[in-house]
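Here is how the chains run, residue by residue.
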Amino acid sequence: MILGTGIDIVDLERFRRSIDRYGKHFLDHVFSADEQSRAPVSDIGRLNYYAGRWAAKEAVAKVLGTGICAQCAWTDIVLCNRQDGKPVVELHGNGAETARALGIVHIHVSISHERNYACAMAVGEGI
């Protein structure tokens, strides 16, 4: 049963300015150490990687109905990839507790990129 949906879109140039302005502090606030270690080396690859994951985290927070806040911090949502490349959501801390309280047992996510944008959608599944 679908218990929640979320979608988000990110303007890549605006996102680049945030990274340029706040640097490592910004990345540490939003992305786990594991997520950062998996970021591509090339500038455009890194930008697309981080922007897509930002959009996915926003979409997941919308599934939970909380936005990014005390019930679900940025780093409570971690995005990994299966060997076939499919993104997978791992929830930790308060984000995991919020999902459990809502009866959400799995969150499906899809990330897409276009020349100037990254977007993501998420679906929360319950029993």
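Residues numbered from 1 in each chain as written. Predicted model: local features only at pLDDT ≥ 70, side-chain atom pairs only at ≥ 80, totals over all residues. Heavy atoms only, no water.

The protein chain has the name Holo-[acyl-carrier-protein] synthase in an unreviewed UniProt entry, where Oligosphaera ethanolica is given as its organism. Under Catalytic activity (unreviewed entry), UniProt gives the following word-for-word description of the protein chain: "apo-[ACP] + CoA = holo-[ACP] + adenosine 3',5'-bisphosphate + H(+)". Annotation of the protein chain in UniProt includes, under Sequence similarities (unreviewed entry), the sentence "Belongs to the P-Pant transferase superfamily. AcpS family." (UniProt positions renumbered as here; feature names shortened; annotations may be inferred.)

Asker: An account of the overall build of the protein chain is requested, with residue identities and associated values reported.
Answerer: The helix and strand inventory of the protein chain stands at four helices and five strands. In sequence order, the protein chain lays out its α and β elements as β-α-α-α-β-β-α-β-β. Here the C-alpha atoms of the protein chain give a radius of gyration of 14 Å, agreeing with the 14 Å that 2.2 N^0.38 yields for 127 residues. Here the C-alpha coordinates of the protein chain stretch approximately 40 × 25 × 25 Å along the principal axes. Counting across all 127 residues of the protein chain, residues that qualify as buried make up 43%. Residue pairs in contact within the protein chain that sit at least 24 positions apart in sequence constitute 56% of those at least 6 positions apart. Carbon and sulfur atoms make up 53% of the accessible area of the protein chain, which amounts to about 7100 Å² in all. Computing the positive centroid from 14 side-chain charges and the negative centroid from 15, the protein chain places the two 3 Å apart. (Helix = DSSP H or I, 4+ residues; strand = E, 2+ residues; numbered from the N terminus. Rg over C-alpha atoms; globule rule 2.2 N^0.38 Å. Buried < 20%, exposed > 50% of the residue type's maximum accessible area, 1.4 Å probe, protein only. Contact = heavy atoms within 4.5 Å. Areas by Shrake-Rupley, 256 points an atom, 1.4 Å probe, with all protein chains shown as cover. Lys, Arg positive; Asp, Glu negative; His and termini not counted. Charge placed at Lys NZ, Arg CZ, Asp CG, Glu CD.)

Asker: Outline the UniProt feature "domain: 4'-phosphopantetheinyl transferase" (unreviewed entry) in the protein chain, listing residues and values.
Answerer: Per the UniProt record, "domain: 4'-phosphopantetheinyl transferase" (unreviewed entry) is annotated on residues 5-121. Summarising residues 5-121: 48% helix, 28% strand, and an end-to-end C-alpha distance of 7 Å.

Asker: Now, about helix α1 (residues 12-30): what can you tell me, with residues and values included?
Answerer: Taking 1.5 Å per residue as the helical rise, α1 with its 19 residues ought to reach 27 Å, whereas the 16 Å between its terminal C-alpha atoms falls clearly short. Along α1, the largest kink reaches about 110° and is centred on tyrosine 22. Buried residues of α1: Leu12, Phe15, Ile19, Phe26, Leu27 and Val30, and no others. Buried residues belonging to α1 abut β1 (2-11), α2 (33-37), α3 (43-64), β4 (104-114) and β5 (117-126). (Expected span 1.5 Å × (residues − 1). Bend = angle between axes of the 7 residues up to and from the residue.)

Asker: Please set out the pattern of salt bridges residue by residue, giving values where relevant.
Answerer: Counted under the stated rule, the structure contains six salt bridges. One salt bridge connects aspartate 28 with lysine 24, and the closest N-O pair in it is separated by 2.8 Å. Note that aspartate 28 and lysine 24 are positioned in helix α1 at a spacing of four residues, about one turn of the helix. By relative accessible area, which is 54% here, lysine 24 ends up exposed. (Salt bridge = Lys/Arg side-chain N within 4 Å of Asp/Glu carboxyl O.)

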